[in-house]
Structure formats: structure tokens, C-alpha cells
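Examining the three-dimensional arrangement
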Amino acid sequence: MRSNFGSRLGMVLASAGSAVGLGNIWRFPTEAGRNGGAAFILLYIACVLLLAMPVMIGEFVIGRASRANTVDSYRVLAPGKPWVVTGFIGVIGGFLVLSYYSVVAGWTLDYTVVSFSASLMKPMDYGEYFNSFIQNPSRQVLAMAAFMAVTHFVVARGVEKGIERFSKILMPLLFAIILLLMFFSLNMPGAVRGLEFLFKPDFSKVTIQVVLSAMGQAFFTLSVGIGCLATYASYFSDDTPLVRTALNVCVIDSLVAISAGLIIFPAVFSVDGVQADVGPGLVFITLPGVFNSAFGSYPLVNYIFSSLFYMLLFLAALTSSISMHEICTAYISETFHTERPVAARIVTAICLAMGSVCSLSFGILSSVHVMGMGFFDLFDYLVAKFCMPLGGMLICTFVGWDLKHSTVREQLNSRITPLLMFLFRWVAPIGIGTVFVYELMDK
Ligand code: PFF
């Protein structure tokens, strides 16, 4: 007997939980800030609607029609054909993404603990603090392993009692923290400048590179291309409306991303002399300093703000890492007929080993390079630039051209099926394919 999600709410929250993660709160504001604000946001929305959402709906169709893990789903729907490769790209992508994502998620866990203990409230050189933290091997590996252990705990409990139950608790908590932080932020003195920075379109910054980033961001933030949502959809009930669910997930995900910008930039612009477009260091180097003085004469508010912010990052990362773990756990337990907790332990053990290598690539393994990159950057490259676009292209091509049309129609059960078929067959494969080739040539 395969498990199912017990309720529609649980299913939407779990899928939205997969989508909402570090991609929204850490990556989106950074990318939008660097790449022309609203100009980037418009491109990103176009990529979501034309490219990433069709992949999401395609994954939903494949998952629910086959009711199997991402490798077996192709064996069920297209026996004897080479489409199964798409499933393997997904499982490999799942192992890789969980391994390096847990490193950054470990930082969020560490920063949550440190902010609650008020140690981040002392004025200090946060750049130096962060650099010495990521170069400290034992603290790095410990933070990553602690995060992985929490992910393991949830996944090992199963779909309904683990993933669904925790999503139902964590997602509302996450929304509440976002609303509270947005309220704080929009009342800061730099709110207007922050909004201007995020929303003022600067079309002069739009280059082909920015288009590539917008698509990369759309795929990463919606968790598409590596069979994650196909795995979740294999637990959907028969009457779940797939198109509406996909739309809900995309809307929730985009709202959270924009809210993250609304939290971060007003705070950044409220403190003199702080740069907003500093890149990935924004959250771990710039923000601790900002949090220290954003509400100048109210240290307690600063303390609450920073502690809740890092907790938000940690919770968002957790609901995403659970879904990455599930791709691999479902595959191992169904392929090798092992009990779920055993399969989960195997996945955790492999990802702990790979995650340790990634953690150490900032310190003692920093001189080891493969394809010109350290392990962390290599895993990120393989997932975001290779597995996700290639998987996404294959998923749309499979659903558009090879899967029985009656199956697709029955699964979608929607008035916009002809439009979706056009996206599956032409727009998504050609659009994603073009970006994919550009990226490979760019390397
Ligand atoms: N969507 C997640 C985020 O925005 O952080 C990341 C992610 C989750 C990527 C699940 C891939 C995946 F399978």
C-alpha cells in the first residue's frame, strides 16, 4: 500500500513548502537587487508562467498517473523506452541538491541559535565572523549534520505523519513570521528607499545573463525539473485539481519571494552606509549588522527581529529539504523494497558524506577543484544549470509528445488543456532548451 496525503490543505502546504525555501528568502532578493529590480521580476514572472509552471504541471501529471517514485513512473508510463533516464537525472539531482542545500541550511540553523543567544547583537566585523565560521571544519559539518538530522526525522515518519503533519504546522508558522517581519520592516525609516530599490525597473541592466538568471531562479524556486513534485503528486488523491494546485503553489511561492524582499530591503536602507546589492553575503554578513541597529533605540525589537528572521530561513529551508529527501527515499524504498525508515537512513548517510565534502570546500578542501569549481559550487552548477533544465525539458517533451493524450487530458481535467499542450510541446522545450545550451556554452 502506498501512502497518500490525507487532506487537500496538507497536500498544497507540502508542495508549497517544497517551493518556498532559501531560493525565495536568500536567492530571490539578491538576484532581484543585482539584476534591475522590477525588470528582473517581470522576466522572472514570464519564466514562471511559460517555462517553470508547465514543468510543474507536467510533473504532477506524471506523478499522479503513475503513482510511483520518479524513476518507476517512467517505467509505468513508458515501459521499455529511454524516458527512465529523466527519472535518474531526478534522483541524482535530489542527492546533489540535498547535500549542498543542507550546508547553507546548516548556516541558518547556526545563525538562529546564535541570534537567540543574543551573541550576534554585539557590534563586530560580521564579514570576518562569517568567514571564520565557514572555514571552521567541525562547526560547519556539525551545523550541516544537525540540519540533516531534523530533515531525516520528518521524512522517516512517512508521508502523512511526517511530511504532511509538519508542513501543516511549519507553513502557517512561516507565514505568520513573514507577516510580522513585514510589519516591522515597512515601518522602518528606509522603507520607501527599500521599495524603490526592489520595484524600480532598470531595463538597462537586462542582458542575456539576466534572462538566464531569471529562468534559473524560476526553476530553483519552484523545485521543478528533478522529479520532486512528481514524487509528491504520486501521493495526491484522484480528485486533486492539478492545474489549480500548480497555480496555488506558484502564487504562494512568488508572494513569499516578494515579501522577503519587502522584509530585507527596507531594513537594509534604514542603516546608513550599508550596500544593498552585495550578492550572496547579504543575508549572512550584511543583515546581522543591519539587525543590530535597524531599530536604533529598541534593542529588544532588534533582537526579536533578527532571531525570527533566521528562524524563518531555517523553517523555509527545512520544508524544502524534506521534499528533496523524499525524491531519494521514495526511490530507494520502492526499488529495493526496504522499509521507509531504512531507506531514509541510507539517503541521510549518503547525503551526510556528500554534504561534509561540500561544507569543507569553504575551508580545508578549498584547494580541491573539479571542473574548475569547489564541491559546493560544482553541486550547485550540476543541479541548477544541468539537472533542472535538462530534466524540465525532457518532462515537457514526454508529456507533450509521448504520453497518451487521453491520460494527459484525464489527469489535467481542465479547460486550458489545449493551451497547456502547446506549452508542453513547443514553448517550454524550445525556451528551456535555448537557455540550457547558452548556459553550457557559457561555462
Ligand atoms: N524550491 C526550493 C527553494 O526555493 O529553496 C529549493 C528546492 C526544493 C530545489 C526542492 C529542488 C527541490 F527538489
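My aim in this report is to walk through the structure given alongside it, one point at a time. Nothing here was measured: the structure is a model prediction, and the numbers come from that model.

Some thoughts on the environment of Ile89
Following the sequence through the fold, Ile89 ends up in helix H5 (residues 84–116). Separated by 215 residues in the primary sequence, Ile89 and Ile304 have C-alpha atoms spaced 42 Å apart. Dropping the residues within four chain positions of it, Ile89 is found in contact with Ile226, Cys387, Leu390 and Leu394.

Considerations on the packing of aromatic side chains
One pass over the structure, following the stated rule, counts 35 aromatic pairs. Taking 6.3 Å as the distance between ring centres and 45° as the angle between the ring planes, the aromatic pair formed by Tyr101 and Phe220 counts as tilted. Here Phe220 lies in helix H10 (residues 208–221) and Tyr101 lies in helix H5, a separation of 119 residues in the sequence. Take Tyr101 and Phe220: they sit in the same class, and that class is buried. Seen from the ring of Phe220, Arg27 lies directly overhead, with NZ or CZ sitting 5.2 Å from the centre. Stacked on the ring of Trp401, the Lys or Arg Arg425 has its end atom at 4.4 Å from the ring centre.

Some points on helix H1 (residues 8–19)
For H1, with 12 residues, the first-to-last C-alpha span of 17 Å sits near the 16 Å given by 1.5 Å per residue. Burial analysis of H1 places 10 of its 12 residues in the buried class, which makes it a mostly covered element. For H1, the set of buried residues is Gly10, Met11, Val12, Leu13, Ala14, Ser15, Ala16, Gly17, Ser18 and Ala19. Those residues of H1 that are buried lie in contact with helix H2 (22–34), helix H8 (159–186), H10, helix H11 (228–233), helix H12 (242–268) and helix H14 (299–335).

Reading the values: rules and limits
- Residues numbered from 1 in each chain as written.
- Predicted model: local features only at pLDDT ≥ 70, side-chain atom pairs only at ≥ 80, totals over all residues.
- Heavy atoms only, no water.
- Helix = DSSP H or I, 4+ residues; strand = E, 2+ residues; numbered from the N terminus.
- Contact = heavy atoms within 4.5 Å.
- Phe/Tyr/Trp six-rings, centres within 6.5 Å; stacked < 30°, edge-to-face > 60°.
- Buried < 20%, exposed > 50% of the residue type's maximum accessible area, 1.4 Å probe, protein only.
- Lys NZ or Arg CZ within 6 Å of the ring centre and 35° of its normal.
- Expected span 1.5 Å × (residues − 1).

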